[in-house]
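# Structural characterization, general
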Amino acid sequence: MDVIRFWLDHRAEVLALLGQHVLLAGLSTLVATAIAVPLGIAAAHRPRLSAPLVGLANAVQTIPSLAMFGFLLPLPVLGGVGSRTAILALTLYALLPILRTTITGITGIDRSVRDAGVALGMTPRQLLWQVEIPLAIPSIASGIRIAAVVAVGSATIAAAVGAGGLGEYIYRGLAMVDSTVILAGAIPAAALALLVDGALWWVQQRSTRRHRRRTVRGPLLAAGVLGVVGLSTWAVLAWRASDVVVVGSKNFAEQLVLGEIVAQTIEGTGLRVDRRLNLGGTLICDRALLSGDIDIYVEYTGTALTAVFNQPTGTSRREVTRTVRELYARSGRTLLPPLGFDNTFAMLVRGADARARGLRSIEDAAREAPRWRAAFGYEFLDRPDGFTGLARAYGITLAAPPTSMDLSLTYRALASGQVDLIAGDATSGLIRALDLVALEDTRGYFPPYDAVPVARAETLLRHPAMRTAIESLTGRVTAAHMREMNYRVEALRQPPADVARAFLAGEIVVP
Amino acid sequence: MTAAAVDFRGVSFRHADGTPVLDGLTLAIQPGEVVALLGRSGAGKSTILRLVNRMLLPTRGSVLVDAQDTRSWDPILLRRRIGYVLQEGGLFPHLSVADNVAVVPRLEGWLPEDVETRVQEMLTLVGLPPDRYAARWPDELSGGQRQRVGVARALAADPPVLLMDEPFGALDPITRAELQQETARLQQRLRKTILLVTHDVEEALLLSDRICVIDDGRLQACVAATAFDEADDPVIAALRDARLRGKAR
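Definitions and cut-offs
- Residues numbered from 1 in each chain as written.
- Chains lettered and ligands numbered in written order.
- Predicted model: local features only at pLDDT ≥ 70, side-chain atom pairs only at ≥ 80, totals over all residues.
- Heavy atoms only, no water.
- Disulfide = S-S within 2.5 Å.
- Helix = DSSP H or I, 4+ residues; strand = E, 2+ residues; numbered from the N terminus.
- Pairing = 2+ DSSP bridges.
- Contact = heavy atoms within 4.5 Å.
- Axes fitted to C-alpha atoms, helices over the stretch in contact; angles between N-to-C directions.
- pLDDT = per-residue confidence, 0-100.
- Buried area = accessible area lost by both parts, 1.4 Å probe.
- Salt bridge = Lys/Arg side-chain N within 4 Å of Asp/Glu carboxyl O.
- Polar contact = N/O pair within 3.5 Å; in protein donor to acceptor, adjacent residues only side chain to side chain.
- Patch = residues over 30% accessible without salt bridge, like charges linked within 9 Å, V, L, I, M, F, W, Y side chains within 5 Å.
- Areas by Shrake-Rupley, 256 points an atom, 1.4 Å probe, with all protein chains shown as cover.
- Buried < 20%, exposed > 50% of the residue type's maximum accessible area, 1.4 Å probe, protein only.
- Left-handed = near helix turned anticlockwise from the far one by under 90°.

### Considerations on the state of the cysteines
Residue and element names in this part refer to chain B.
- Scanning all chains against the criterion turns up one disulfide over all chains.
- Note that Cys 212 is cross-linked by a disulfide to Cys 222, the S-S spacing being 2.0 Å. Looking down the S-S bond of the Cys 212 and Cys 222 bridge, the torsion is 80 degrees, so its handedness is right-handed. Placement of Cys 212 in strand S9 (residues 210-215) and of Cys 222 in strand S10 (residues 218-224) is noted, with a sequence separation of 10 residues between them.

Now the structure itself:
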């Protein structure tokens, strides 16, 4: 099986990601337990507190996880790219089940048992530790079990904010349209969830067995030890030497390659590089750069203009670059010289359709569109330079409202005939691999999307050698190079790091 | 005359919502005396017990334990010297029989070996051989055995006062009779001050020195157990008739 070979080839990485995954889920469950159990105990004794608390936790639970990461990213101390945000989000999700079962566990205690404790002369504290908590432990344990399983599942999404974990493979696989890589992450994540569920079930059974005297000390001690181990590991992971440059990228193949090219170029100067590749989308990268969680990533001028700075689209290349450079400079960021290619949006149709109906431009497609269905990535549907403006500029009406899905999945949807029109990247290697045709933008709707590295000004000041190294890339990555590299990653399944290395060594030759 | 062990002086009690429960109760219980509180369910009998160990405070009037108003007692100290036997035992399901009995001595900070000895004594006293029962769990015991453990737990720290809230109400008639007899024998040796809530006239006659009838939140009549058969009081007479009819059936 391909997946097994992949695991064997990437042993060290699989284990590291698995470790990160366990750490993310474990720490967030522990933190949630440390918060929700005392809170639940307090709420159980104050009924007026419990309804609003459970309501709040319920509301938090309904926030979709990607939206949650979006909220948390810009937060000062707690947010940002990396494990902190992920642990915070996962902790918020884990609160509700533990809170609820703690409250039920305590309020469900037989009244005569509690009365007996009071009548025998227990102080409220003694009653809590000797009667209420021991009797509530089976219920609390069931809540922790639910929370832990949910955390293992949700931790896959943590890769979107650069926290690592097995989700890394899932995102990478989606970006590379490679189901082997997706499975390499998804299978262990699912197995881990089942394992955690089974293990905690076993612990829960043992804690509920009446033949063992239940004390609070055992579980408390275990939780304490786990907490100390977890927190110190986290502290070590979170600690980052200041002379490390953090390179980010968005989550599709081209960005992974560009991230690697930038990272390896910087490494060539002797600096240490921390890779935070595969971050969610444009806005996540932008916020991470703004907050200093990453130092550099490659953006596209048109995207920066419209999606980051909310400016109207412009069509003059020089004008767009100048505006974007000024806007970045205002927030302490430097736009470096363009790498050399323009990755504009490409409206794509199947090669067979293009040949049969003579489709060459978007104007040609507008004629056929009323019989067509379309699918677009989330960004293209939302962005001001996306579908709404395009439809207006070319007078496009479709048979049905366009479906929104992950950008990388739209290529497959088009190739397999589920939709007839998608918006892809002009440099995508899949255009060639899946026999697709890019339609010409005859009316000049799309602004230029020159690939440009953006870096934090202070990082460049601290490391002048890094600036020189990045500037040496100016104009070297042509559209043909980029298409070839994307093809190697997306169709030939070569690792982005290897492709980047080959490019820097001058081994990628294009006509 | 020595001071009463427990002294109710014009005690009224209303719930927080204003529902009246007790109205002007005056009753003095002497040291070593057993007083049975008889009455229908909801007559306010359990409330009287809870007023003694300050789980409730009177709305009007005062309750004196050892000549001191419960309002000025530290509730924890007060409860540690008052044993409480609940209906169906009220045992802690997460503790073994021995640990249940050991609760109050441990709260009182006894040395472990003293606690151990005491548990053995108490289990023996209530007729549960420690070697067979100490390590058992409450849900492995019969109702009667649970009740015995409840009594042992209440007596473990040797409190001078004992409150018993329908202690044998949930048992089958044979077990109940057996436990009543044993409790009577136990009291002959221990001489505790006991307030016993029951709605069983036989039990009241067997165990108590004095029988007090509570109805509608008021003390209707009080009579020495020995005088029960001759008392002229109409309330007592009605009880007596009901008892005779019950026997005839």
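### Some details on the sheet that holds strand S6 (residues 374-376) of chain A
Residue and element names in this part refer to chain A.
- Ordered by their spatial adjacency, five strands build an open sheet running S7-S6-S8-S5-S9, and the pairing between neighbours is mixed. With partners counted over all chains shown, the strands left at the sheet margins are strand S7 (403-404) and strand S9 (436-439), one partner each.
- Taken together, the two bridges between S6 and strand S8 (residues 421-425) define a ladder with parallel strand orientation. Each bridged residue has a counterpart across the sheet, and for Ala 375 the counterpart in S8 is Ile 422.
- Contacts from helix H19 (residues 407-415) reach strand S5 (345-350), S6, S8 and S9 within the one sheet, and its direction differs from that of S8 by about 135 degrees.

### Regarding the confidence of the model for chain A
- For chain A, mean pLDDT is 84; residues scoring 70 or higher make up 90% of the total.
- In this model, residues 237-241 of chain A is a region of pLDDT below 50 whose contacts with residues beyond four sequence positions or in other chains number seven contacts.

### Observations regarding the interface of chain A and chain B
- The interface is formed by 22 residues belonging to chain A together with 24 residues belonging to chain B.
- When chain A packs against chain B, the two sides together hide about 2,000 Å² of surface, and 64% of this comes from carbon and sulfur.
- In this structure, the connection of chain A to chain B is made through one salt bridge.
- Applying the counting criterion to the chain A and chain B interface returns four residue pairs in polar contact (both at pLDDT 80 or more).

### Brief notes about the sheet that holds strand S2 (residues 20-29) of chain B
Residues and elements named next belong to chain B.
- Judged by pairing direction, the sheet is antiparallel, and its four strands sit side by side in the order S2-S1-S4-S5 without closing on themselves. Each edge of the open sheet is held by one strand with a lone partner, namely S2 and strand S5 (68-69).
- In this sheet, S5 lies alongside strand S4 (residues 60-65) in antiparallel orientation, the contact comprising two bridges. Note that in S5 the partner of Leu 64 across the bridge is Asp 69.

### Here we look at a nonpolar patch on the surface
- Residues A:Trp201, A:Trp202 and A:Val203 make up a contiguous nonpolar surface patch of about 350 Å² in total accessible area.
- Residue classification places A:Trp201 among the partly exposed positions, given a relative accessible area of 44%.

### Concerning the packing of helix H2 (residues 11-45) of chain A against helix H7 (residues 124-154) of chain A
Residue and element names in this part refer to chain A.
- At a minimum axis separation of 9 Å, H2 and H7 run at an interaxial angle of 140 degrees. Crossing handedness for the pair H2 and H7: right-handed. Here H2 contributes His 21, Ala 25, Ser 28, Thr 29, Thr 33, Val 37, Ile 41 and His 45 to the contact with H7, which in turn contributes Leu 128, Glu 132, Ile 133, Ile 140, Ile 144, Ala 147, Ala 148, Ala 151 and Val 152.

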